[in-house]
Amino acid sequence: MQHPAQSPAPAERRRAFLLSGVRSALTKVTKMTVAVEEIRSRPSWSPPEPAPRKQKRIVIIGGGFAGIAAAHALRHADAEVVLIDRRNHHIFQPLLYQVATAVLSPAEIAAPIRQLEAKQRNVSVLLAEVTSVDVASRTIESASPGAGVLKIAFDYLVVATGMRPSYFGHDEFARYAPGLKSLGDAETIRAKILSAFELAATTDDEDERTRQMTFVLVGAGPSGVELAASLAHLVKVTLRGNFHRIDPAKASIILLDAGKRVLPTFAESLSLRVSKRLKKLGVKVTTDVKVEKVDEQGVIASGTRIPSATVLWTAGVAASPIPKMLGTKTDRAGRALVDPFLKVVDAPGVFVIGDAASVMQNEHPVPGVAQAAIQEGRYVGRLIAKELKGRTVKRPFRYFDKGNMAVVGKNYAVLERGWLRTSGFLTWLVWTFVHILSLPLLQNRLRVQHQWLWSYFTGQRSSRLIPEPPRGQ
């Protein structure tokens, strides 16, 4: 009797299923191995080359009056605008002397440059210091904190780097006589002035006390005149009654200049009025003297030693090193000699504006004032915008002189515009109005206006601060 065939046992069926899965997995691994070997045998992969820039790049060096004006004039341009500055703020320099004499705080006359990015979509702001310019390869190199050296290509370059103090070949003077071109300078001067009175109040040496209370300002241009007049008001009004051991009003303020008169760029009649006003405020004006030495004990001017613990330099200025990097001709102050379109000769697309440029008009140099820098910045920005559209600019730059002004303490200022020459209280009101409107931001205008009103009626100054030294010193 035959028995029917029996089906495989469950264990055998599981074994057969596992063997089938192993064969399938081995087949897949073999295929993947072959694919990997094929990939390895191919040439090594490299990323694709970056696509060429469609937009032109305009690099602006300097965030002062000229640089900001140029960037703003390019707001509608179909271009990438890169603004580079070693500071993160724009300074309203005409009021720096008020920071130096404690009338205003630094934040009241400064505005962050980066705010441009919020207002203008085609602008990028870079905090860096330009170290070299290669016009031939159309690149610049800059040192940025934390990022090292950056190499930036440009299609257009606008140099608006401004000026720095010049010691006429005696750079060793800078250690003892700070200039007034930045917020750091203003704060240094403020600390020196206020510290001098503190030290005068603590010493019992009469000669040292006199030295501490003697202030020497070298240079009787607008900056020197305004600083001297504001310092006179500080010692006679603001500090009155603040010291029991000394009388700040007995401080000696001496204004020196190698020229024949104060404010040499103004008419002689206005210069004479300013000299009389300064003397009335208690400032001793000495002209036609040459400063030969500045050290920790004071100055030597025309062979005479003037003991002083606070010497301030408001005499001369020189251009930054950037214009010389362009390989173009410069004047004695280092300013680039540009053509009537503010272009560097033999360097297409390269412009120099503001105090860094030497511009001639009607056989006279355009003055190095804020209004000239703003007008030059606007002109170059508009010129580049037109060139980007394929248009040719035939009209050269023309400076419109709105007049020169200088304030000489409370209630007195001078104005010169063409044949118009005025001075006194009404001119001071005009000066006040113009400067408030010229401040960069609304918050600056409101703060300065309130502080000026408070100081005008009370004589008090809110920023009489001496920075604390670091711990351990």
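Everything that follows concerns the structure shown earlier in this document.
All values derive from a computational prediction rather than experimental measurement.

Peer 1: When you look at the pairing of strand β11 (residues 214–218) in this model, what are you seeing that I'm missing?
Peer 2: Along a regular strand, successive side chains alternate from one face of the sheet to the other. With five of five residues buried, β11 lies mostly within the body of the structure. With five bridges connecting them, β11 and strand β12 (residues 252–257) associate as parallel partners. By the bridge assignment for β12, L217 is matched with L255. By the bridge criterion, four bridges tie β11 to strand β17 (residues 310–313) in an arrangement that is parallel. When the bridges of β17 are listed, V218 appears paired with W313.

Peer 1: Help me understand the pattern of salt bridges in this model?
Peer 2: As enumerated under the stated definition, the model contains 10 salt bridges in all. For R211, the salt bridge identified is with E208, shortest N-O distance 3.1 Å. Residue R211 and its partner E208 are both found in helix α6 (residues 206–212); the two are separated by three residues, about one turn of the helix. Residue class for E208 comes out partly exposed when judged on its relative accessible area of 26%. Among the salt bridges present, the one from D331 reaches R335, with a minimum N-O distance of 2.9 Å. For R335, a relative accessible area of 27% translates into the label partly exposed.

Peer 1: In this structure, what is going on with the sheet that holds strand β25 (residues 413–417)? I would like to understand it.
Peer 2: Paired through backbone hydrogen bonds, the strands of a sheet run either parallel or antiparallel to each other. Pairing in this open sheet of three strands is antiparallel, and the strands run β24-β25-β26 from one edge to the other. Looking along the sheet, the strands with just one partner apiece sit at the ends: β24 (404–407) and β26 (420–424). Between one strand and the next, the sheet's axes are offset by a mean angle of 5 degrees, whatever the strand orientation. As paired strands, β24 and β25 are joined by four bridges and run antiparallel to one another. Looking at β25, one finds that A406 is bridged to V414. Across the sheet, helix α8 (residues 268–281) lies against β25 and β26, angled at about 10 degrees from β26, the strand it touches most. With respect to the sheet, helix α11 (residues 425–438) is in contact with β24, β25 and β26, its orientation differing from that of β26 by roughly 100 degrees.

Peer 1: So what exactly am I meant to see when it comes to the side chain of S455 here?
Peer 2: The topology assignment puts S455 in helix α12 (residues 442–458). Apart from residues no more than four positions distant in its own chain, S455 is found in contact with Q460 and R461.

Peer 1: In this structure, what is going on with the pairing of strand β16 (residues 304–307)? I would like to understand it.
Peer 2: Bridge count between strand β15 (residues 298–301) and β16: four bridges; the pairing is antiparallel. Paired with A301 across the bridge in β16 is T304. Hairpin connection, β15 to β16: the antiparallel pair is bridged by two residues, and S302 has positive phi, about 50 degrees.

Peer 1: Quick question: what am I supposed to make of a positive patch on the surface here?
Peer 2: A cluster of basic side chains, namely R75, R378, R382, K386, K389, R391, R395, R398 and K402, defines a positive patch on the protein surface. Mapped onto the secondary structure, R398 falls in the loop between α10 (370–388) and β24.

Peer 1: Just checking my understanding: could you explain the packing of α11 against α12 for this structure?
Peer 2: The interhelical angle for the contact between α11 and α12, taken along N-to-C directions, is 150 degrees, at an axis separation of 9 Å. Between α11 and α12, the interaxial angle falls into the category roughly antiparallel. On α12, the residues that touch F425, W428, W431, T432, H435, I436 and L437 of α11 are R445, Q449, W452 and Y456. In terms of residue class, the contact of α11 with α12 is made up of seven nonpolar, three polar and one charged.

Peer 1: Looking at this structure, how should I read the nonpolar core?
Peer 2: The nonpolar side chains of a soluble globular protein tend to be buried with one another. Judged by nonpolar contacts, the single largest core of 118 residues is most densely connected at L157 and F197. When residues no more than four places from it in sequence are discounted, the contact partners of F197 are M213, F215, V235, L239, F243, I246, P248 and A251. Listed in part, the 15 residues of the second largest apolar core include Y167, F173, V289 and V299.

Peer 1: For this particular structure, what's the right way to read unusual backbone geometry?
Peer 2: With the exception of glycine, the majority of residues adopt a negative phi angle, and the majority of peptide bonds are in the trans configuration. In this structure, A102 takes a positive phi of about 70 degrees despite not being glycine. Within the secondary structure, A102 sits in the loop between α3 (96–100) and β4 (110–112). By relative accessible area, which is 0% here, A102 ends up buried. If you check the backbone angles, D288 has positive phi at about 60 degrees while not being a glycine. Tracing the sequence through the fold places D288 in the loop between β13 (283–287) and β14 (291–295). Of the residues examined, D288 reaches a relative accessible area of 48% and is grouped as partly exposed.

The rules we used
Residues numbered from 1 in each chain as written. Predicted model: local features only at pLDDT ≥ 70, side-chain atom pairs only at ≥ 80, totals over all residues. Heavy atoms only, no water. Buried < 20%, exposed > 50% of the residue type's maximum accessible area, 1.4 Å probe, protein only. Helix = DSSP H or I, 4+ residues; strand = E, 2+ residues; numbered from the N terminus. Pairing = 2+ DSSP bridges. Salt bridge = Lys/Arg side-chain N within 4 Å of Asp/Glu carboxyl O. Axes fitted to C-alpha atoms, helices over the stretch in contact; angles between N-to-C directions. Contact = heavy atoms within 4.5 Å. Patch = residues over 30% accessible without salt bridge, like charges linked within 9 Å, V, L, I, M, F, W, Y side chains within 5 Å. Areas by Shrake-Rupley, 256 points an atom, 1.4 Å probe, with all protein chains shown as cover. Lys, Arg positive; Asp, Glu negative; His and termini not counted. Charge placed at Lys NZ, Arg CZ, Asp CG, Glu CD. Parallel < 35°, antiparallel > 145°, perpendicular 65-115°, else oblique. Nonpolar A, V, L, I, M, F, W, Y, C, P; charged D, E, K, R; others polar. Core = buried A, V, L, I, M, F, W, Y, C linked by side-chain atoms within 4.5 Å.

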